[in-house]
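# Analysis of the macromolecular model
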Amino acid sequence: MRMVFPEFRLGSVLATSFTGTLSERHGTPVERIPVPHRLADWLASSGLAVDSCTTAQLELARELRESIHAAATAVAVRAPLPASAVHVINDRSARGRAAAILTPEGERHWWLGPASRVEDALGVIAADAIGVLSGERDGRLALCASPTCRAAFFDTSRSRTRRWCDMNTCGNRQKKARFQAGRRKDPGSAE
């Protein structure tokens, strides 16, 4: 019997997309990388294909994910960065040996070495997080307005007032709940 896993939520910002591999943090958590090969799948879908992944590497990845989420949450609420999160992010960035390469089409891709390593891919994610957390990129870190989600996301909307990590999931769920609550308050409304 083949196991079915939740779909990945892929965004345009690598670091915050990575934190989205665990969603509904304040409800019933949804782990999108429960086993090593799912981490390899996520990395491949993010342009960081690796040859294989071990359980120990999955644990390193989860530690990085949670550190990025903790630091992004701190930035979003204007709190000091957690020292332990900063340490993990810096450590993963320093240990990675990936190189940016330019394709003939003018796009940046990552070269992870002859034996594509998870640690190199984590270094790319950590470096992206450093760019986002330090304010080097145009946008702002925010937290999803869904009380069960509270995912960190990078808002690049013109007004910087985006409320949901993903409109197709959290945003629609919240709008549907408001609509249904309104219908319960007004039982005489037309069907």
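Everything here concerns the structure above.
Everything numeric here is computed off the predicted structure, so don't read it as measured data.

## With respect to the overall build of the protein
Scanning the protein for helices and strands turns up six helices and six strands. When the elements of the protein are put in sequence order from the N terminus, they spell out α-β-β-α-α-α-β-β-α-β-β-α. Split into buried and exposed, the 191 residues of the protein put 41% on the buried side. Counted over contacts in the protein with a minimum sequence separation of 6, partners at least 24 positions apart contribute 54%. Here the protein displays about 10900 Å² of accessible surface, and carbon together with sulfur accounts for 54% of that area.

## Side note on the side chain of serine 23
Tracing the sequence through the fold places serine 23 in strand S1 (residues 22-23). At 2.4 Å, the side chain of serine 23 forms a polar contact with the side chain of arginine 32. Serine 23 has contacts with Arg9, Thr28, Pro29, Val30 and Arg32, leaving out every residue within four places of it along the chain.

## Quick notes on helix H3 (residues 55-76)
Here H3 is 22 residues long and its end C-alpha atoms lie 31 Å apart, about the 32 Å a rise of 1.5 Å per residue gives. Once H3 ends, the next one or two residues include arginine 78, with phi positive near 60°.

## Structural notes on the pattern of salt bridges
Scanning all chains against the criterion turns up 13 salt bridges. Of the charged contacts, one joins arginine 92 and glutamate 63 as a salt bridge, the two residues approaching to 2.4 Å between their closest N and O atoms. Of this pair, arginine 92 sits in helix H4 (residues 83-95) while glutamate 63 sits in helix H3, and the two are 29 residues apart along the sequence. Aspartate 120 is the partner of arginine 117 in a salt bridge, and the nearest nitrogen-oxygen pair spans 3.2 Å.

## Here's the deal with unusual backbone geometry
For residues that are not glycine, phi is negative in most cases, and the peptide bond is trans in most cases. A positive phi is found at glutamate 24, a non-glycine position, where the angle reads about 55°. What makes glutamate 24 buried here is its relative accessible area of 10%. Even without being a glycine, arginine 160 presents a positive backbone phi close to 60°. Position of arginine 160 relative to the elements: it lies in the loop between strand S6 (152-155) and helix H6 (167-185).

## Some thoughts on helix H5 (residues 118-133)
Spanning 16 residues, H5 covers 22 Å between terminal C-alpha atoms, matching the ideal 22 Å at 1.5 Å per step. Burial runs high along H5: 13 of the 16 residues are buried.

## Observations concerning the packing of H3 against H5
Contact geometry of H3 with H5 gives a least axis separation of 11 Å together with a crossing angle of 0°. If you check the angle between H3 and H5, you find them roughly parallel. In contact with Gln57, Leu60, Ala61, Leu64, Ile68, Ala71, Ala72 and Val75 of H3, H5 contributes Val118, Glu119, Leu122, Ile125, Ala126, Ala129 and Leu133. Grouping the constituent residues of the contact of H3 with H5 by class yields 13 nonpolar, one polar and one charged.

## Some words on the packing of aromatic side chains
Summed over the entire model, instances satisfying the criterion amount to one aromatic pair. Centre to centre, the rings of phenylalanine 18 and tryptophan 42 are 5.1 Å apart; their planes meet at 50°, and the pair counts as tilted. Placement of the pair is phenylalanine 18 in helix H1 (residues 14-19) and tryptophan 42 in helix H2 (residues 36-45), with a sequence separation of 24 residues. As far as burial versus exposure is concerned, phenylalanine 18 and tryptophan 42 are alike and both buried.

What counts, and at which threshold
- Residue numbering note: each chain is counted from 1, following its sequence as written.
- Given that the model is predicted, a residue must reach a pLDDT of at least 70 before its local features are reported, and side-chain atom pairs must reach 80 or more before they are shown or counted; all residues, however, enter totals for whole chains, interfaces and linings.
- With hydrogens and water set aside, each side-chain value is computed from the structure's full complement of heavy atoms.
- Elements are defined by DSSP. Helices are runs of H or I of four residues or more, strands are runs of E of two residues or more, and each kind is numbered from the N terminus.
- Burial here depends on accessible area, computed with a 1.4 Å probe over protein chains only, as a share of the maximum for the residue type. Under 20% is buried, over 50% is exposed, and the range in between is partly exposed.
- Whether two residues are in contact is decided by their heavy atoms, any of which lying within 4.5 Å being enough.
- The method behind every accessible area is Shrake-Rupley, applied with a 1.4 Å probe, and residues are considered shielded solely by the protein chains displayed.
- Two N or O atoms form a polar contact when they lie within 3.5 Å of each other; inside protein one atom must be a possible hydrogen donor and the other a possible acceptor, and for residues adjacent in sequence the pair counts only when both atoms belong to side chains.
- Multiplying one less than the number of residues by 1.5 Å gives the expected span of a helix.
- Salt bridge, as used here, is a side-chain nitrogen of Lys or Arg placed within 4 Å of a carboxyl oxygen of Asp or Glu.
- Every angle, taken between N-to-C directions, lies between 0 and 180 degrees, and every axis is a line fitted to C-alpha atoms, over only the stretch in contact when it is a helix.
- Orientation labels follow simple angle bins: below 35 degrees gives roughly parallel, above 145 gives roughly antiparallel, 65 to 115 gives roughly perpendicular, and whatever is left gives oblique.
- Here the nonpolar group is Ala, Val, Leu, Ile, Met, Phe, Trp, Tyr, Cys and Pro; Asp, Glu, Lys and Arg are the charged ones; every other residue, Gly included, is treated as polar.
- Paired rings are identified among Phe, Tyr and Trp, the last through its six-membered ring, by centres lying within 6.5 Å, and are further divided according to the angle between planes into stacked (under 30 degrees), edge-to-face (over 60) and tilted (the rest).

Scope: geometric values only; no functional claims are made or implied.
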